[in-house]
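Close look at the chain arrangement
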Amino acid sequence: MAVAPREVDSGNVLQRKQSMYISLDESFEIRKEMYRGQQYSQIYFARLHLMRTLLYSLLPTWKPHLPSCTVLGLEEGKECIIVGTLYKHMKLKPSILDEYSKERSSSPLVKPHNFMHSDDYLVLEDESGRVKLRGSVLLPSVYVTGIVVALHGKETGAGDFMVEDILEAGLPPQIKLPLNSGEDKYVVFVSGLSVGSSSANPLHFQLFVDHITGHLGDEKEQGIAAQIVQVVIAGNSVEFPRGLLNGQNLGSKDQSRLSEPIKELDILLTQVAAGIPFDIMPGTNDPANFSLPQQPLHRCLFPGSAAYNTFRSCTNPHSFELDNVRFLGTSGQNIDDLAKYSDGKSKLEFLERTLRWRHIAPTAPNTLGCYPFTDRDPFFIENCPHVYFVGNQEKYETSLIEGSDGQVVRLICIPKFAETGIAVVLNLRNLECHALSFGTHFSS
Amino acid sequence: MASHMKGFFKEKKKLGISKAKSSKKSPKPKHSATCGSDVVQPPALVSHGSLDLQDEYDDKEEVLRQFDMNMAYGPCLGMSRLDRWNRANALGLHPPKEIENLLGASIVNSECLWDGRV
């Protein structure tokens, strides 16, 4: 589609570049799922079976000389490999049962941000049983409940399993991209717009919209903007005035106050939709369902922008392909949950770990709400993305990681726009990334 | 047969006080056995205000119960037997075709043995 910037001197019309878009969100959509009273044991079974089959196929190249057995089949002193789901016992993990506990004093009144404790330990579980894990190879601070791994070790006299080595699923197979071929095409990521919140400066977002639609700058600037082929809005686009939601019926004045943020967002998004394709994902604060996978925001929330065919409402997690470059990402809930229950140098490290564990949200359903699927686990990563992103983080971070089979992945932490004024720009040609910073200071 | 006698006397609820059960789709045949493998026979339950002493189950139900209890195919509660068979098939576990035939052809309980009991 053409974006015609207001012609000042020249008679040129800049054409925006285009890309082939394919949505891969099908597995995250709820489709015909019906709740039949099932519990989470079903999704854990599906996950264990899926990943155990995968890990068994990797055992011959890892340690072919060792036998594998189930947890119940462990023999004391016999070196073997067991495969199962990790469970981390955490002393400080909030439990609903604490409400009923007689000794109230042990639970702290102020909830810590991170629930780790030096007494945390790991347990491996399969259908036959569970065994406590010991040894310095497996640091409880790194792992969380829900990861499926293979462990080499032996049962001790005390009935625990002394771990000697661990095998994670690793990066999934990736279709190689011919990098550095073709022309520069850019994808812009933004998240945490928080329209309607007191901290969000509407000028920043308006500046952002003007820039990417080519309404700013001279011909050269507009030329750069014309190379943007896609925008991805990764969650928390609105912030509703929570004070109104106190359980009482809303008067008509309050009702219109409640819907103001989303109306304001729609007005701004209509400007974007008129010029450039964009994907909008739900986040924690958006009017979508709570548990993962979050379903797409309804079109009726965007009467202005949904009229355009450039408008795409997507699930969270979101996966798509653009010119054969595979993207996968979330609005942040999965990584934020990891930060609560494990330790890492940076959010980028958590992001990398989920990829190496081959699972987007291992803590679901343990501490992260998710739908109780019975026959599949949609968070299992089957194909390695080329770009793996997470939204609503504190700061912009990015790195390029490599897998053992030559996979190359660009990891991106998208910062909250309302707090930082930073959006992220990715070049499809070479997967290079840079920040786009917006500020509205007047220099004195 | 001492274990079965325990089943009669252990969990005795007052007659007349019956649990308010949510109405289920189809009337389930009352399955409480006094013979057969202990694994699949739950002790006699007092349900709907009367002792559930019928031992009406046939070979087909026995086969299906063994399928329910088989750990290899995952948990059985919360899924219909056919859904669980389909899942096992899709995951490449090669569940016996016989089960699928039973579930399609005959009049058998479509839900697992624990359905409505836990």
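None of these values were measured; they are calculated from a predicted model.

Definitions and limits used
The residue numbers shown here count from 1 along each chain, following its written sequence. By the order in which they are written, chains take letters starting at A while ligands take numbers starting at 1. Totals for whole chains, interfaces and linings use every residue, but because this is a predicted model, local features are given only for residues with pLDDT of at least 70 and side-chain atom pairs only at 80 or more, for both listing and counting. For side-chain calculations, the full set of non-hydrogen atoms in the structure is used, while hydrogens and water are omitted. Should DSSP find at least two bridges between two strands, the strands are regarded as paired. Here a helix means four or more residues in a row that DSSP labels H or I, a strand means two or more in a row labelled E, and each is numbered from the N terminus. Working convention: axes come from line fits to C-alpha atoms, limited for helices to the stretch in contact. Angles between N-to-C directions cover 0 to 180 degrees. Two residues form a contact once any of their heavy atoms are found within 4.5 Å. By nonpolar core is meant a set of buried Ala, Val, Leu, Ile, Met, Phe, Trp, Tyr and Cys residues that side-chain atoms within 4.5 Å join together. Relative accessible area decides the class of each residue, using a 1.4 Å probe on protein chains only: under 20% of the type maximum gives buried, over 50% gives exposed, and in between gives partly exposed. As annotated, the domain borders come from an automatic or database domain assignment. With the strands aimed away from the viewer, a crossover counts as right-handed if its path from the first strand over the helix to the second runs clockwise. Buried surface area refers to the total accessible area, computed with a probe of radius 1.4 Å, that the two partners give up upon joining, counted for both partners together. Any carboxyl oxygen of Asp or Glu within 4 Å of a side-chain nitrogen of Lys or Arg constitutes a salt bridge here. For the purposes of these results, a polar contact is taken to be a pair of N or O atoms within 3.5 Å, where, inside protein, one atom must be able to donate a hydrogen and its partner to accept one; residues adjacent in sequence count only when each atom of the pair is a side-chain atom. Each residue gets one of three labels, nonpolar for Ala, Val, Leu, Ile, Met, Phe, Trp, Tyr, Cys and Pro, charged for Asp, Glu, Lys and Arg, and polar for the others, Gly among them. Within this analysis, the arc is defined by the directions that extend from the helix axis to the C-beta atoms. The rule is short: rings of Phe, Tyr and Trp, with Trp giving its six-membered ring, pair when the centres are within 6.5 Å, and they are stacked under 30 degrees, edge-to-face over 60, tilted in between.

Before going further, it helps to spend a moment on the sheet that holds strand β17 (residues 432-437) of chain A. Residue and element names in this part refer to chain A. Reading across the sheet, the six strands line up as β10-β9-β8-β7-β16-β17 and stay open at both edges, with mixed pairing between neighbours. Two strands lie at the open edges of the sheet, namely β10 (311-313) and β17, each paired on one side alone. Each adjacent strand pair in this sheet contributes to an overall mean axis angle of 20 degrees, direction not counted. Inspection of the sheet shows strand β9 (residues 278-281) paired to β10 by three bridges, in the parallel sense. Looking at the pairing, Phe278 lines up with Phe311 of β10. Its contacts with the sheet place helix α2 (residues 202-212) against β7 (186-190), β8 (228-234), β16 (422-427) and β17, and it is angled at close to 170 degrees to β7.

Residues and elements named next belong to chain A. Ranked by internal contacts, the top residues of the largest apolar core, which has 51 residues, are Leu133, Leu151, Phe161 and Tyr388. The dominant element in this core, judged by the number of residues it contributes, is helix α6 (residues 347-356), at four residues. Composition of this core by domain shows at least three residues from each of domain 1 (6-33 + 174-437) and domain 2 (41-97 + 113-167). Contact partners of Phe161, with chain neighbours within four places excluded, come to Leu74, Cys80, Ile82, Val131, Lys132, Leu133, Arg134, Leu151, His152, Gly153, Lys154 and Glu155. By size, the runner-up hydrophobic cluster in this structure holds 34 residues, among which are Val231, Ile233, Val238 and Ile280.

Moving on to the pairing of β8 of chain A. Residue and element names in this part refer to chain A. Counted residue by residue, β8 has seven buried out of seven residues, so it is predominantly covered. Relative to β8, β7 runs parallel, the two being bridged by five bridges. Within β8, the residue paired with Tyr186 across the bridge is Ile228. Across four bridges, the pairing between β8 and β9 is parallel. What sits directly across from Val232, in β9, is Asp279. Note that the unit made of β8, helix α4 (residues 252-273) and β9 has a crossover that is right-handed.

This next bit is on the interface of chain A and chain B. When the parts come together, some accessible area is lost, and that loss is often what is quoted as the size of the interface. Each partner contributes to the interface: chain A provides ten residues, whereas chain B provides 13 residues. Interface area for chain A against chain B, summed over the two sides, is near 1,000 Å², with a carbon-plus-sulfur share of 63%. Summed over the three residues of chain A that lose the most area to chain B, namely Gln42, Phe45 and His49 of chain A, the buried surface amounts to 47% of that side. On inspection of chain A and its partner chain B, the count reaches one salt bridge. Notably, a salt bridge pairs Asp83 of chain B with Arg36 of chain A, separated by 3.7 Å at the nearest N-O pair. For the interface between chain A and chain B, the tally reads five residue pairs in polar contact (both at pLDDT 80 or more). Within the side of chain A that touches chain B, the residues separate by chemical class into one nonpolar, six polar and three charged.

Bringing the environment of His204 of chain A into the picture now. Residues and elements named next belong to chain A. As for its placement among the helices and strands, His204 is situated in helix α2. Separated by 169 residues in the primary sequence, His204 and Phe373 have C-alpha atoms spaced 40 Å apart. Not counting residues within four places of it along the chain, the set of residues in contact with His204 comprises Phe417, Phe438, Gly439 and Thr440.

A few words on helix α4 (residues 97-105) of chain B. Residue and element names in this part refer to chain B. When we look at burial in α4, the residues that qualify are Ile99, Leu102 and Leu103. One side of α4 holds all its buried residues, which, seen down the axis, span an arc of 95 degrees. Among the exposed residues of α4, those oriented more than 90 degrees off its buried face are Lys97, Gly104 and Ala105.

A separate point is the environment of Val408 of chain A. All names here are of chain A. Positionally, Val408 belongs in strand β15 (residues 408-415). Take Val408: its relative accessible area is 24%, and that puts it in the partly exposed class. Residues within four places of Val408 in sequence aside, it is in contact with Gln174, Pro385, His386, Leu400, Ile401 and Glu402.

How two aromatic rings sit relative to each other is given by the distance of their centres and the angle of their planes. All names here are of chain A. One pass over the full model with this rule turns up 15 aromatic pairs over all chains. Taken together, a centroid distance of 5.9 Å and an interplanar angle of 20 degrees make the contact between Phe205 and Phe208 stacked. Here Phe208 and Phe205 lie together in helix α2, a separation of three residues that amounts to about one turn. In this structure Phe205 comes out as buried when scored by relative accessible area, which is 5%.

Glancing now at the domain arrangement of chain A. Residues and elements named next belong to chain A. Taken domain by domain, chain A consists of domain 1 (6-33 + 174-437) and domain 2 (41-97 + 113-167). Here the C-alpha centroids of domain 1 and domain 2 sit 34 Å apart. Taken together, the contacts link 25 residues of domain 1 with 23 residues of domain 2. Both sides together, the interface formed by domain 1 and domain 2 hides about 2,000 Å², and carbon and sulfur atoms give 64% of it. Among the residues domain 1 hides against domain 2, the three largest losses belong to Tyr341, Trp357 and Asn366. Together they make up 31% of the total. On the surface where domain 1 and domain 2 come into contact, there are one salt bridge.

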